[in-house]
Amino acid sequence: MKTTRRLLILVAVASLAVVVSCGRDGVITAPRSDAPRANASLLGDVDGLTRSLGLSLLSCNVTQAASATKTIGRAGGQITVGAHSFFVPAGALDSEVTITAVAPAGNRVRVEFSPAGLRFNRAAYVTLSYRDCGVLSWLVTRVVYIDERETILEVLPSLPDLLHQRVTGSVRHFSSYAVAY
């Protein structure tokens, strides 16, 4: 029992350290390739950023695709797509929005949300499950914002749940999100 408690405390402290180390607003943003760079040696490129953070997208054999659509408004709500979920708190949206989530089959744990570009007044939360990936446990899984080429554009403040093999990230806008480690 003491070992389990110590492990949970260690995971909580490690998770907090990761979130706190993210910088301004808890988000590490990779520079866009078309954006002007003040000092390329300091900013680097997206590949350099992910290498310096030691992040890679989690490889996984996702055999079943899933999709879901739900209208969510000012009161908030939740949408579930396969083993993944998205939670919108009250006040995050100004009006009703029909949200579609697609978790494609393939070699990554990822979910694509639309309408693309939708912004939230308050942080919403995406929870991505990697339990079918054959991964026993990852101490530092993160939710990342990716583009259509699966390039990591942003590392989101994330909280891993080792027991249930999932990770939750704080989202401010819609795009595609994946699991990185």
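This text goes with the structure placed above it.
Our subject in this report is the structure included herewith. Worth saying up front: this structure is predicted, and the values here are computed from it rather than measured. Counting restarts for each chain: residues are numbered from 1 in the order of the written sequence. Side-chain atom pairs in this predicted model are given and counted only at pLDDT of 80 or more, local residue features only at pLDDT of at least 70, and totals for whole chains, interfaces and linings cover all residues. Computation of side-chain values covers all heavy atoms of the structure but excludes hydrogens and water.

1. Structural notes on the environment of Pro-104
Reasoning step 1: If you trace the backbone, Pro-104 turns up in the loop between strand S6 (97–103) and strand S7 (106–108).
Reasoning step 2: Residue classification places Pro-104 among the buried positions, given a relative accessible area of 16%.
Reasoning step 3: Taking the C-alpha atoms as reference points, Pro-104 and Thr-63, separated by 41 residues in sequence, lie 8.7 Å from one another.
Reasoning step 4: The contacts of Pro-104, once residues within four sequence positions are left out, are Val-62, Ala-65, Arg-110 and Glu-112. Only DSSP runs of H or I reaching four residues or more are called helices, and only runs of E reaching two or more are called strands; each is numbered from the N terminus. Only protein chains enter the accessibility calculation, which uses a 1.4 Å probe; a residue is then buried when its area is under 20% of its type maximum, exposed when over 50%, and partly exposed in between. By definition, residues are in contact when any of their heavy atoms lie within 4.5 Å.

2. Concerning the state of the cysteines
Reasoning step 1: The definition used for a disulfide is geometric: two cysteine sulfur atoms within 2.5 Å. A full pass over the atoms with the stated rule returns one disulfide.
Reasoning step 2: The disulfide bridge from Cys-60 ends at Cys-133, spanning 2.1 Å between sulfur atoms. Where Cys-60 bonds to Cys-133 through sulfur, the torsion about that S-S bond is close to -95 degrees, and the disulfide is left-handed. Residue Cys-60 is found in strand S2 (residues 59–62), and its partner Cys-133 is found in the loop between strand S9 (119–129) and strand S10 (142–146); the two are separated by 73 residues along the sequence.
Reasoning step 3: Note on Cys-60: relative accessible area 8%, which makes it buried.

3. Brief notes about the side chain of Asp-147
Reasoning step 1: Its place among the elements puts Asp-147 in the loop between S10 and strand S11 (152–155).
Reasoning step 2: Asp-147 sits in the buried class, given a relative accessible area of 13%.
Reasoning step 3: The term polar contact refers here to a pair of N or O atoms within 3.5 Å; inside protein, the definition further demands a hydrogen-donor-capable atom paired with an acceptor-capable atom, and it admits residues adjacent in sequence only when both atoms are side-chain atoms. A distance of 2.9 Å separates a polar atom in the side chain of Asp-147 from the backbone nitrogen of Arg-149.

4. Some thoughts on the pairing of S2
Reasoning step 1: Of the two faces of S2, the one holding Cys-60 and Val-62 is buried and the one holding Ser-59 and Asn-61 is not buried anywhere.
Reasoning step 2: We call two strands paired when DSSP finds no fewer than two bridges between them. For S2 and S7, the ladder comprises two bridges, and the chain directions are antiparallel. Along S7, the bridge assignment pairs Ser-59 with Arg-108.

5. Focus on the nonpolar core
Reasoning step 1: Residues belong to a common nonpolar core when they are buried Ala, Val, Leu, Ile, Met, Phe, Trp, Tyr or Cys residues joined through side-chain atoms within 4.5 Å. Counting 34 residues, the largest nonpolar core has Phe-86, Phe-113 and Phe-120 as its most contacted members.
Reasoning step 2: If sequence neighbours within four positions are ignored, Phe-86 has contacts with Gly-77, Gln-78, Ile-79, Phe-113, Phe-120, Ala-124, Tyr-125, Val-126, Val-171 and Phe-174.
Reasoning step 3: Ranked by size, the runner-up nonpolar core spans eight residues in total, among them Leu-55, Leu-57, Ile-152 and Ala-178.

6. Topic: the pattern of salt bridges
Reasoning step 1: A pair is scored as a salt bridge if a Lys or Arg side-chain nitrogen falls within 4 Å of a carboxyl oxygen belonging to Asp or Glu. Considering all chains together, one arrives at four salt bridges under this definition.
Reasoning step 2: Across the pair Arg-108 and Glu-150 runs a salt bridge whose closest N-O atoms are separated by 3.1 Å. Of the two residues, Arg-108 is situated in strand S7 and Glu-150 in the loop between S10 and S11; the sequence distance between them amounts to 42 residues.
Reasoning step 3: Overall, Arg-108 belongs to the buried group, its relative accessible area being 18%.
Reasoning step 4: We note a salt bridge from Asp-147 to Arg-149, for which the minimum N-O separation is 3.4 Å.
Reasoning step 5: Of the residues examined, Arg-149 reaches a relative accessible area of 62% and is grouped as exposed.

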